[in-house]
Amino acid sequence: MEYEIVVGMEIHAELLTKTKIFCSCPTKFGDPENTHTCPVCLGMPGVLPVLNKDVVRYAVRAGLALNCKIANFSKMDRKNYFYPDLPKAYQTSQFDRPLCLGGTVDINVNGQTKPIGITRIHIEEDAGKLLHESTDGTLVDVNRCGVPLIEIVSEPDIRGPEEARIFAEKVRNTLEYTGVSDCKMEEGSIRFDVNVSVREKGAEKLGTRTEMKNLNSFRALERAIKYESKRQIIELKKGHPIIQETRKWDDVKGVSSAMRSKEDAQDYRYFPEPDLVPITITDEEIEKAKSELPELPEAKKARYMAEYDLPEYDADLITSSKEMAQFFEDTVKISNHPKQIANWLMVDIPAHLKERELSMSTIPFTPSDLAELIDLIQNGTISGKIAKSVMEKMFTEDGSPKEIVERNNWAQMQDEGELQAIIEKIVEDNPKSVSDIASGNKKAYGFLTGQVMKATKGKANPQLANKIIREVVAKKLNK
């Protein structure tokens, strides 16, 4: 019997506001525990929340970018549950009247475009964070309480771990481009909850789902879905029913384990938030927000292919990161060699960033430096091989590429007379290669070129060296 995996996702993204959703406490990450708190975000008796207008503005922008309809009228609700990192014992969220409804995200799977439905996007406040590592027991840090979130809820249109990853990447990129979230997974700015079920292939009815919460990497997302779907299939084949529950994903062990039974909406006892007025947005305000949207990844990708003649693969990879796309555009303004710039951004630079645990935002050189490096290759000052050594130094030393080349005496030999003398001696010392060429073995030219590069420590201009080698060999054969 064949089974089909069905996945629905809930993506929580922290918004890039300076202050929290209902108070003036800062949202800055990484400060000492419990230093960004006040009576409002701690839920003290008698306090009154005030909705941060920027939260609504950012959420509307995200909704428009994900093709949602923006509601002219929405409201806030209380979602009641008890957990140690939630001082109020309820979360202020949205239930039956969310801000955004009915969007779509097109993903590319094996060359085919597939739409993934967005059920809704609503705004809510984040909870705090439990710290389990202390010798004093579990501690709570409430700095994150009240940090504004959007929750993006997908339709169960995703079939398998790869589609889930592609969808999550696409949503992450869109949120980055719109500037509504920094989407830093290592800081918990974006987190994924997945609802996983399996059903017989061809069946219409959905299977019983389980939920895994707070997955904070694309790798964890894929691994968790693979494991959980396989676990469910094994259980069904044994004749065991799937229990609707929330499960915890252990990324180190690569397994999920039961945490608690899965709640339904009625378990949270939603009711309208009595301390906040409804949110009303006019059609004019929605149109204004739409006109202010930046160029989004798909549009940018199409432009790169048309304007810079980049292959689809290159354009897709570069636009997958807002920072990389900006670095590309800033570089191509200075050095009009888009394909060469793309190659550096796709291969060598990411390798160095990964090795040094850096990102495009912390790269230690500028687009003008990369442009200068490419121009040094194009004008024949250095070879492509030497350029890789220059790039290494750009990550570890001060100075422009030109200064690095001069400091290390890496400029290619351009003096034809000097190179001619070296090549004549190499040809004289390798009569077998000359004989092989005379017999029609053109590969012998490659050997001679290698000897020249060895003799000049890689500094000979390969094009010039090849030209002189052919002239010297032809002269010798015509004697």
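Position numbers for residues start from 1 in each chain and track the written sequence from start to end. Owing to the predicted nature of the model, reporting of local features is limited to residues with pLDDT of at least 70; listing and counting of side-chain atom pairs is limited to 80 or more, with chain, interface and lining totals taken over all residues. As a rule here, side-chain values cover all heavy atoms of the structure and leave hydrogens and water aside.

- As annotated in an unreviewed UniProt entry, the protein carries the name Aspartyl/glutamyl-tRNA(Asn/Gln) amidotransferase subunit B and comes from Candidatus Pseudoramibacter fermentans.
- UniProt positions are given in the numbering used here, feature names are shortened, and annotations may be inferred rather than shown by experiment. Recorded in UniProt for the protein, the comment headed Subunit (unreviewed entry) runs: "Heterotrimer of A, B and C subunits."
- The UniProt entry for the protein carries this comment under Sequence similarities (unreviewed entry): "Belongs to the GatB/GatE family. GatB subfamily."

### Some details on the packing of helix α13 (residues 431–438) against helix α15 (residues 462–477)
Reasoning step 1: Note on geometry: axes are lines fitted to C-alpha atoms, helical ones only across the stretch in contact, with angles between N-to-C directions running from 0 to 180 degrees. Helix numbers and strand numbers start at the N terminus; a helix is a DSSP run of H or I with at least 4 residues, a strand a run of E with at least 2. Closest axis-to-axis distance for the α13/α15 pair is 11 Å, and the angle between their directions is 80 degrees. Of the possible angle classes, the one that applies to α13 and α15 is roughly perpendicular. Touching Val 434, Ile 437 and Ala 438 of α13 are Val 473, Lys 476 and Leu 477, all from α15. Any angle between 65 and 115 degrees counts as roughly perpendicular, while under 35 counts as roughly parallel, over 145 as roughly antiparallel, and the rest as oblique. Note on definitions: a residue-residue contact is assigned when non-hydrogen atoms from the two residues lie within 4.5 Å.

### Thoughts on the packing of aromatic side chains
Reasoning step 1: The aromatic pairing rule takes the rings of Phe, Tyr and Trp, using the six-membered ring of Trp, and pairs them if the centres are within 6.5 Å, calling planes under 30 degrees apart stacked, those over 60 edge-to-face and the rest tilted. Counted according to the given criterion, the structure contains 10 aromatic pairs.
Reasoning step 2: For the pair Tyr 304 and Tyr 308, a centre-to-centre distance of 5.6 Å together with 65 degrees between the ring planes defines the contact as edge-to-face.
Reasoning step 3: The rule is simple: take the accessible area with a 1.4 Å probe, protein chains only, and divide by the maximum for that residue type; under 20% is buried, over 50% is exposed, in between is partly exposed. Tyr 304 gets classed as buried once you look at its relative accessible area, which sits at 0%.
Reasoning step 4: On the basis of an interplanar angle of 45 degrees and a centroid distance of 5.0 Å, the ring pair of Tyr 304 and Phe 328 is categorised as tilted. On the criterion of sequence distance, the pair formed by Tyr 304 in helix α5 (residues 297–307) and Phe 328 in helix α7 (residues 322–332) is long-range, its members being 24 residues apart.

### Considering helix α10 (residues 384–396)
Reasoning step 1: Here the expected length of a helix is defined as 1.5 Å per residue gap, with one fewer gap than residues. Between its first and last C-alpha, α10 extends 19 Å over 13 residues, near the 18 Å set by a 1.5 Å rise per residue.
Reasoning step 2: Of all the residues in α10, the buried ones are Ile 386, Ala 387, Val 390, Met 391, Met 394 and Phe 395.
Reasoning step 3: Against α8 (338–356), α9 (367–378) and α11 (401–407) lie the buried residues of α10.

### Points about the sheet that holds strand β15 (residues 271–272)
Reasoning step 1: Two strands are counted as paired when DSSP detects at least two bridges linking them. In spatial order, the strands read β5-β4-β15; together these 3 strands make up an open sheet with antiparallel pairing. With partners counted over all chains shown, the strands left at the sheet margins are β5 (90–93) and β15, one partner each.
Reasoning step 2: Where strand β4 (residues 77–80) lies against β15, 2 bridges are found, and the strand directions are antiparallel. Its bridge partner being in β15, Asp 77 is matched across the sheet by Pro 272.

### A look at the pairing of strand β10 (residues 148–154)
Reasoning step 1: Among the 7 residues of β10, 7 are classified as buried, and the element is accordingly described as predominantly covered.
Reasoning step 2: Residue alternation in β10 divides its side chains into two sets, Pro 148, Ile 150, Ile 152 and Ser 154 and Leu 149, Glu 151 and Val 153, and both sets are buried.
Reasoning step 3: By the bridge criterion, 5 bridges tie strand β1 (residues 3–14) to β10 in an arrangement that is antiparallel. Residue pairing in the sheet places Glu 14 in a bridge with Leu 149 of β10.
Reasoning step 4: Note that strand β7 (residues 112–125) and β10 share 7 bridges and pair antiparallel. In the strand pairing of β10, Glu 124 is matched with Leu 149.

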